[in-house]
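Residues per chain, in single letters:
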Amino acid sequence: MAGIVDALANLALSGVGAFVGFNVTLRAQNHLQPHPFPWRFADLLEHPWRVQALDPGQTLDIHGLTAGMTVLDLGCGTGLFTRTAAHMVGENGRVHGVDLQAAMLERARRSLAEAGVFERVALHHCGAYDLPLADDEADLAIVVSTLGEIPDKPAALNELRRVLKPGARLGVTDEFYNPSFTMPGTVRRLAEEAGFRSLGSTSTAICYHQVYINAK
Ligand SMILES: C[S@@+](CC[C@H](N)C(=O)[O-])C[C@H]1O[C@@H](n2cnc3c(N)ncnc32)[C@H](O)[C@@H]1O
């Protein structure tokens, strides 16, 4: 019996070790050369464990999303947060989902149509440095597990400030196991350098949330 317990414990430790080693390697690679989360792994973004641990409705509440807002979801991926945002903004709101990868946007388009909220959403195939919104158009921008994938973070934050109204909010969330995880202190420094003012932050066992105001 003791032998079986030992064998199982060794197996579990090997699994944890392999995961940590793999994650550290991916992080180092991403740090040296930030790159988009591969669309082949898009299912992971919608995995029930992730959705349970990082509840989109709670996250968007923390970011300050309310009905009627115009919301930008930068790095929308499969549309996990875009969908919930579209429900929460209601009939008078609008959500813009932006992503570099066409395959991610196609998944987002399908899931938004299935959820019956596609008419409230515009999906844009473009990058973070040239957002398809007018100056001062958005009430809230959300950046979930995406900032670390963007090579020129100051340029992206400046562009976010351009499209956000004065006094509008920026919500940044990142997951500790994300290969492109960005340290909260780094995000805060870069956001403040770009002209955002912190309204506070919270964290859970798996992620942190930060909320900023566009101090134009
Ligand atoms: C880890 S996924 C997160 C997706 C979604 N925010 C979520 O949490 O489910 C990051 C997404 O950001 C996109 N992305 C990375 N760099 C980007 C950039 N410079 N401009 C726009 N999208 C980008 C990737 O293509 C990918 O779909």
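A quick note: this is a predicted structure, and the numbers were derived from the prediction, not measured. (Residues numbered from 1 in each chain as written. Predicted model: local features only at pLDDT ≥ 70, side-chain atom pairs only at ≥ 80, totals over all residues. Heavy atoms only, no water.)

1. Here we look at the overall build of the protein
At step 1: A count of helices and strands for the protein gives 8 helices and 7 strands.
At step 2: Relative to the compact-globule value of 17 Å for 216 residues, the protein shows a C-alpha radius of gyration of 18 Å, a close match.
At step 3: With respect to the three principal axes, the spread of C-alpha positions in the protein is 65 × 40 × 30 Å.
At step 4: A total of 216 residues make up the protein; the buried ones form 46% of that total.
At step 5: Restricting the contact set of the protein to residue pairs at least 6 apart, pairs at least 24 apart contribute 76%.
At step 6: Here the protein displays about 10900 Å² of accessible surface, and carbon together with sulfur accounts for 59% of that area.
At step 7: Charged side chains in the protein number 18 positive and 23 negative. The centres of these two groups are separated by 2 Å. (Helix = DSSP H or I, 4+ residues; strand = E, 2+ residues; numbered from the N terminus. Rg over C-alpha atoms; globule rule 2.2 N^0.38 Å. Buried < 20%, exposed > 50% of the residue type's maximum accessible area, 1.4 Å probe, protein only. Contact = heavy atoms within 4.5 Å. Areas by Shrake-Rupley, 256 points an atom, 1.4 Å probe, with all protein chains shown as cover. Lys, Arg positive; Asp, Glu negative; His and termini not counted. Charge placed at Lys NZ, Arg CZ, Asp CG, Glu CD.)

2. Some remarks on the side chain of Asn-214
At step 1: Tracing the chain through its elements places Asn-214 in strand S7 (residues 207-214).
At step 2: Of the residues examined, Asn-214 reaches a relative accessible area of 1% and is grouped as buried.
At step 3: Residue contacts for Asn-214: discarding those within four places in its chain leaves Arg-161, Leu-164, Lys-165, Pro-166, Gly-167, Ala-168, Gly-195 and Phe-196.

3. A closer look at unusual backbone geometry
At step 1: Phi is positive for Asp-136, which is not a glycine, with a value near 55°.
At step 2: With respect to the secondary-structure elements, Asp-136 resides in the loop between strand S3 (121-125) and strand S4 (138-144).
At step 3: With a phi angle near 50°, Ser-145 is a residue other than glycine that sits in the positive phi range.
At step 4: Mapped onto the elements, Ser-145 comes out in the loop between S4 and helix H7 (153-163).

4. Looking at the sheet that holds strand S2 (residues 94-99)
Strand-to-strand pairing in sheets goes through backbone hydrogen bonds, with the strands running parallel or antiparallel.
At step 1: If you trace the 7 strands from one edge of the open sheet to the other, you get S3-S2-S1-S4-S5-S7-S6, paired in mixed fashion. Since the sheet does not close on itself, it has two edges, and those belong to S3 and strand S6 (196-203), each with one partner. Taken over all neighbouring pairs, the strand axes of this sheet differ in orientation by 15° on average, direction set aside.
At step 2: Examined bridge by bridge, strand S1 (residues 70-74) and S2 share 5 bridges and lie parallel to one another. Bridging from a neighbouring strand, Thr-70 pairs with Arg-94 of S2.
At step 3: Of the strands in this sheet, S2 and S3 touch helix H6 (residues 102-114), which is tilted by about 170° from S3. (Pairing = 2+ DSSP bridges. Axes fitted to C-alpha atoms, helices over the stretch in contact; angles between N-to-C directions.)

5. What to know about the side chain of Glu-149
At step 1: Relative to the elements of secondary structure, Glu-149 occurs in the loop between S4 and H7.
At step 2: An unpaired buried charge is present at Glu-149: no salt bridge exists, and Arg-50, the closest side chain of opposite charge, is 8.7 Å distant.
At step 3: Residues contacting Glu-149, with those up to four places away along its chain left out, are Asn-30, Pro-34, His-35, Pro-36, Phe-37 and Ser-180. (Salt bridge = Lys/Arg side-chain N within 4 Å of Asp/Glu carboxyl O.)

6. What about H7?
At step 1: Within the span of H7, buried status applies to Lys-153, Ala-156, Leu-157, Glu-159, Leu-160 and Val-163. All buried residues of H7 lie within an arc of 160° about the axis, which places them on one face of the element.
At step 2: Buried residues along H7 sit against S1, S4, strand S5 (164-175), helix H8 (184-194) and S6.
At step 3: Measuring from the backbone nitrogen of Ala-155 back to the side-chain oxygen at the start of H7 gives 3.2 Å, which picks out Asp-152 as the cap. (Arc of directions from axis to C-beta. Polar contact = N/O pair within 3.5 Å; in protein donor to acceptor, adjacent residues only side chain to side chain.)

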